[in-house]
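A structural walkthrough
Below are the chains, spelled out letter by letter.
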Amino acid sequence: MAQDTLIRGPQVCLSRPATLTELWAWALWDWASSPFFAVVITFVFGAYYIQSVAPNSVIGTAQWGWAMTISALVIAVLSPIFGAIADAGGPRKPWIIALTVVSAAATAALWWAVPDPTMAIYMLGVVLLANVTLEIANAFYNAMLPDLAPPRLIGRWSGWGWGMGYIGGIVLLLILLYGVILPTPPPFGLDPEKSADVRVAGPILAIWILLFSLPFFFMTPDRPSRRGVTGNVVATGLANLRSTFGNLYRAPNTLRFLIARLIYNDGLNTLFAFGGLYAAGTFGMDTAEVIQFGIALNVTSGIGAFGFAYLDDRIGSKPTILISIVGLFLSGLVALLTHDKTVFWFVALALGIFIGPAQSASRSFMARLSPPHLRAEMFGIYALTGKVTAFIGPFLFGTMTFLFGTQRAGMAVILVMFVIGAGILWTVREPRGDAPETLT
């Protein structure tokens with residue numbers, strides 16, 4: 001069967017294979033960066049903004065949601081553009097380093113977001129900047145995986161990196177919760193009246209990101225610069241991006257994967273965004289229980305990412321994703337139907353096992369589909385498909401909940417997304433052997 005084709009100039013490769021140490025240095029960036037999403041977006045600063053900075057919880061929820069929507073749209077637009085420019089020039093690490101530093105600086109600036117409604121625009125602005133820059137850096141980071149890992153081990157290293165990210169997020173979250181936020185009185189003379197015990201999480205997280213990124217910065221190899229395009233990198237990259245988008249219809253296999261991933265990933269994102277609200281609203285969990293629920297869910301997600309990494313390399317990315325989606329659907333169906341909190345806890349932890357591999361195997365599948373000379377660009381498009389419809393799942397969840405008067409109707413939307421995404425993915429052909437798809 002003929003492969004998809006997209007023809008472009010010569011590829012730029014590493015001068016030598018990456019060593020085991022260099023691969024672990026690459027994976028450590030997941031450990032460094034992933035806690036941002038747990039601390040800033042989900043558990044600490046999201047709740048802090050709604051409770052302490054915004055005028056009230058209703059306005060705060062709306063403002064936070066709008067900021068996340070703007071962030072998703074900016075990432076969707078910029079990721080493929082920056083990816084195309086990086087592919088035209090060669091190296092990815094300079095982009096990752098610069099974007100990581102900017103994100104860490106913006107994260108540290110959350111220290112000045114005092115509990116006052118006048119700080120709302122400031123806090124939303126720095127969160128948006130930190131989130132956008134880190135997400136774009138992540139697109140470049142993902143594109144480096146197939147350059148570094150042997151083709152037969154791409155799934156394993158993708159899963160290990162993703163698993164390290166989950167565990168890193170949990171470790172830092174536990175440090176912040178039990179070492180800084182919950183103790184009475186707070187350590188280091190932090191003033192709880194001014195929420196200093198919460199705001200300090202920004203600088204601590206920034207130090208964490210930079211400190212654990214250092215092995216990646218200094219030890220992970222990168223592609224050399226491409227000769228002859230240095231002065232025209234932007235123009236060349238944008239021209240290449242237009243060519244890729246224009247020719248994607250000639251790569252139906254890759255296009256179907258991107259569409260499938262867009263749908264089931266939107267279900268995953270919605271599950272993360274509303275899982276805690278579902279636990280609180282449907283099963284009456286208090287704040288402490290919701291935090292414990294979130295930590296447990298992330299732990300099992302990390303275990304799943306590590307455990308399924310071997311399966312990815314043994315049977316392929318597509319079967320691994322499909323198995324994960326089936327597991328997500330069945331666990332989600334029980335969570336939808338049960339009225340027993342203990343049963344919900346059990347199936348939620350089981351559900352977490354399948355979240356990590358669904359995400360990590362998607363990354364390795366994209367790596368296998370992408371030709372070497374287009375990887376940053378294709379992972380930029382991959383990032384676009386993960387963000388361009390990011391508002392649809394939450395919108396449908398909220399709308400169905402409102403129309404039917406129960407969160408269970410909203411949860412049903414997520415299950416439908418899993419079914420549709422899996423159905424489209426079933427038609428995607430996985431590349432044979434070590435050869436990636438060839439795109440024109």
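1. Thoughts on the overall build of the protein chain
From N to C terminus, the protein chain includes 17 helices and zero strands. Counting only residues that meet the buried cut, the protein chain has 56% of its 440 residues in that class. The contacts of the protein chain with a sequence gap of at least 6 include a subset with a gap of at least 24, amounting to 86%. Of the roughly 17700 Å² that the protein chain leaves accessible, carbon and sulfur atoms contribute 71%.

2. Section: a nonpolar patch on the surface
Side chains of Ile-207, Leu-211, Leu-214, Phe-218 and Met-219 sit close together on the surface and give an oily, nonpolar patch of about 530 Å² of accessible area. The topology assignment puts Met-219 in helix H9 (residues 201-219).

3. What to know about the packing of aromatic side chains
A full pass over the atoms with the stated rule returns 16 aromatic pairs. Members of the aromatic cluster, each reached through a chain of ring pairs, are Trp-26, Trp-29, Tyr-141, Phe-216 and Phe-217. A cation over an aromatic ring shows up here: Arg-199 above the ring of Trp-111, its NZ or CZ 4.5 Å from the ring centre. Taking the ring centre of Trp-426 as reference, the NZ or CZ of Lys-318 above it sits at 5.8 Å.

4. A closer look at the environment of Gly-307
Within the secondary structure layout, Gly-307 lies in helix H12 (residues 287-315). For Gly-307, a relative accessible area of 45% translates into the label partly exposed. Separated by 148 residues in sequence, Gly-307 and Gly-159 have C-alpha atoms that sit 7.9 Å apart.

5. Side note on the packing of helix H7 (residues 154-181) against helix H14 (residues 341-369)
At their nearest, the axes of H7 and H14 sit 8 Å apart, and the two run at 140° to each other. Our classification of the angle between H7 and H14 gives oblique. The way H7 lies across H14 gives a crossing that is right-handed. In this structure, H7 contributes Ile-154, Gly-155, Ser-158, Gly-159, Gly-161, Trp-162 and Tyr-166 to the contact, and H14 contributes Ile-355, Gly-356, Gln-359, Ser-360, Arg-363, Ser-364, Ala-367 and Arg-368. Here the contact of H7 with H14 is built from residues that sort into five nonpolar, eight polar and two charged.

6. Observations concerning the packing of helix H2 (residues 35-43) against H9
Viewed as axis vectors pointing N to C, H2 and H9 meet at an angle of 165°, and their least axial separation amounts to 10 Å. Here H2 lies roughly antiparallel to H9, going by the angle between them. For H2 against H9, the interelement crossing comes out left-handed. Contacts from Pro-35, Phe-36, Val-39 and Val-40 of H2 reach H9 at Ala-201, Leu-205, Trp-208 and Ile-209. Taken together, the residues of the contact of H2 with H9 break down into eight nonpolar, no polar and no charged.

7. Digging into the nonpolar core
Ranked by size, the top nonpolar core spans 66 residues in total, and within it Val-39, Val-44, Phe-45 and Met-123 carry the most contacts. The element best represented in this core is helix H6 (residues 120-148), accounting for 15 residues. For Val-44, the residues in contact, after removing those within four places along its chain, are Ala-38, Val-39, Leu-173, Ile-181, Val-198 and Ala-201. Membership of the second largest hydrophobic core comes to 38 residues, among which are Leu-258, Ala-279, Leu-328 and Phe-418.

Rules used throughout
- Residues numbered from 1 in each chain as written.
- Predicted model: local features only at pLDDT ≥ 70, side-chain atom pairs only at ≥ 80, totals over all residues.
- Heavy atoms only, no water.
- Helix = DSSP H or I, 4+ residues; strand = E, 2+ residues; numbered from the N terminus.
- Buried < 20%, exposed > 50% of the residue type's maximum accessible area, 1.4 Å probe, protein only.
- Contact = heavy atoms within 4.5 Å.
- Areas by Shrake-Rupley, 256 points an atom, 1.4 Å probe, with all protein chains shown as cover.
- Patch = residues over 30% accessible without salt bridge, like charges linked within 9 Å, V, L, I, M, F, W, Y side chains within 5 Å.
- Salt bridge = Lys/Arg side-chain N within 4 Å of Asp/Glu carboxyl O.
- Phe/Tyr/Trp six-rings, centres within 6.5 Å; stacked < 30°, edge-to-face > 60°.
- Lys NZ or Arg CZ within 6 Å of the ring centre and 35° of its normal.
- Axes fitted to C-alpha atoms, helices over the stretch in contact; angles between N-to-C directions.
- Parallel < 35°, antiparallel > 145°, perpendicular 65-115°, else oblique.
- Left-handed = near helix turned anticlockwise from the far one by under 90°.
- Nonpolar A, V, L, I, M, F, W, Y, C, P; charged D, E, K, R; others polar.
- Core = buried A, V, L, I, M, F, W, Y, C linked by side-chain atoms within 4.5 Å.

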